[in-house]
Amino acid sequence: GTVLVAGVFLTYVVTKALDRVFIYRVRKSMAQYSTILMSVYWPAGVCLACFCFLFVLKSGQALYRREPMSKVLSWFSPFSEEASRQGRVPQTWFILIGFLDQINATFSSPPSVFIPVVLQMPLNNTVVLWVAVISYFYLKTRFKAVHYAGI
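Residues numbered from 1 in each chain as written. Predicted model: local features only at pLDDT ≥ 70, side-chain atom pairs only at ≥ 80, totals over all residues. Heavy atoms only, no water.

## Section: the overall build of the protein chain
Item 1. Helix and strand content of the protein chain: six helices and zero strands.
Item 2. Overall, the protein chain shows an N-to-C arrangement of helices and strands of α-α-α-α-α-α.
Item 3. Taken along the three principal axes of its C-alpha coordinates, the protein chain extends 50 × 40 × 35 Å.
Item 4. Sorting the 151 residues of the protein chain into buried and exposed places 14% on the buried side.
Item 5. Pairs at least 24 apart in sequence give 38% of the contacts found in the protein chain among residues at least 6 apart.
Item 6. For the protein chain, the accessible area works out to roughly 12000 Å², and carbon and sulfur atoms hold 73% of it.
Item 7. For the protein chain, the centre of its 14 positive side-chain charges and the centre of its 5 negative side-chain charges are spaced 9 Å apart. (Helix = DSSP H or I, 4+ residues; strand = E, 2+ residues; numbered from the N terminus. Buried < 20%, exposed > 50% of the residue type's maximum accessible area, 1.4 Å probe, protein only. Contact = heavy atoms within 4.5 Å. Areas by Shrake-Rupley, 256 points an atom, 1.4 Å probe, with all protein chains shown as cover. Lys, Arg positive; Asp, Glu negative; His and termini not counted. Charge placed at Lys NZ, Arg CZ, Asp CG, Glu CD.)

Here it is as structure tokens:
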């Protein structure tokens, strides 16, 4: 358990750092097209990367447990009962999250070309604080320590 948590945390930190350096370099080279990059190409690329990673992970689990591949593929369906521990997730939630994420990408992309990468991480991490404040008032929930860590 502890080794797995440490491995996941280390993997997250390394990939997040590589992600920031990569996107900073791409934004610098595509300064005039930063909004298009973050509004069109980046969301699709992140979705594809997450799908591929989860597909490999779930396929490995299925092979280890000797489960049929149809179960792995059904896990990706938003209509599947296995997609969440709570059961089927309403599609309107995904639409709202996607819309708000798109608004964020559109408005935060143009100034990011002029902000050094050293300052971009602290600015991006203030999102956790804003989410905690908004969720306290709007959702009437409180964050736990792992939420503040961004995990």
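## Details of helix 1 (residues 2-29)
Item 1. Relative to the 40 Å expected for 28 residues at 1.5 Å per residue, helix 1 spans 41 Å between its end C-alpha atoms, a close match to the ideal helical length.
Item 2. All of the buried residues in helix 1 are R20, I23, V26 and R27. (Expected span 1.5 Å × (residues − 1).)

## Examining the packing of helix 2 (residues 34-65) against helix 4 (residues 91-112)
Item 1. Where helix 2 contacts helix 4, the axes come no closer than 7 Å and their chain directions differ by 140°. Overall, the two elements helix 2 and helix 4 adopt an arrangement that is oblique. Relative to helix 4, the crossing made by helix 2 is right-handed. Mapping the contact onto sequence places S34, T35, M38, S39 and P43 in helix 2 and Q102, A105, T106, S109, P110 and S112 in helix 4.
Item 2. The residue makeup of the contact of helix 2 with helix 4, split by class, is four nonpolar, seven polar and no charged. (Axes fitted to C-alpha atoms, helices over the stretch in contact; angles between N-to-C directions. Parallel < 35°, antiparallel > 145°, perpendicular 65-115°, else oblique. Left-handed = near helix turned anticlockwise from the far one by under 90°. Nonpolar A, V, L, I, M, F, W, Y, C, P; charged D, E, K, R; others polar.)

## Brief notes about the confidence of the model for the protein chain
Low pLDDT marks regions whose predicted coordinates should not be analysed in detail.
Item 1. Confidence in the prediction of the protein chain, expressed as mean pLDDT, is 77, and 91% of residues score 70 or more.
Item 2. Least confident of the elements in the protein chain is helix 6 (residues 145-148), whose mean pLDDT is 64; most confident is helix 2, at 81. (pLDDT = per-residue confidence, 0-100.)

## Things to note about a nonpolar patch on the surface
Item 1. Taken together, the side chains of L96, F99, L100, I103 and F107 define a hydrophobic patch exposed on the protein surface, amounting to about 540 Å² of accessible area.
Item 2. Locating I103 in the fold gives a position in helix 4.
Item 3. The partly exposed category is assigned to I103, whose relative accessible area is 35%. (Patch = residues over 30% accessible without salt bridge, like charges linked within 9 Å, V, L, I, M, F, W, Y side chains within 5 Å. Salt bridge = Lys/Arg side-chain N within 4 Å of Asp/Glu carboxyl O.)

## Some remarks on the packing of helix 1 against helix 2
What describes two packed helices is the angle between their axes and the distance between those same axes.
Item 1. At a minimum axis separation of 10 Å, helix 1 and helix 2 run at an interaxial angle of 130°. Regarding the angle of helix 1 to helix 2, the classification is oblique. In this structure, helix 1 contributes D19, F22, I23, V26 and R27 to the contact, and helix 2 contributes S34, L37, M38 and W42.
Item 2. Classifying every residue of the contact of helix 1 with helix 2 by side-chain character gives six nonpolar, one polar and two charged.

## Concerning helix 5 (residues 117-139)
Item 1. For helix 5, built from 23 residues, the straight-helix expectation of 33 Å at 1.5 Å per residue is met to within 8% by its first-to-last C-alpha distance of 33 Å.
Item 2. What helix 5 keeps buried is the set Q120, A132 and S135.
Item 3. Immediately downstream of helix 5, the backbone of K140 shows phi near 60°, a positive value.

## What about the packing of aromatic side chains?
Item 1. Applying the stated criterion to the full structure yields two aromatic pairs.
Item 2. A ring pair is formed by Y136 and F137, whose centres lie 5.1 Å apart and whose planes are at 80°; its orientation type is edge-to-face.
Item 3. Given a relative accessible area of 55%, F137 falls into the exposed group. (Phe/Tyr/Trp six-rings, centres within 6.5 Å; stacked < 30°, edge-to-face > 60°.)

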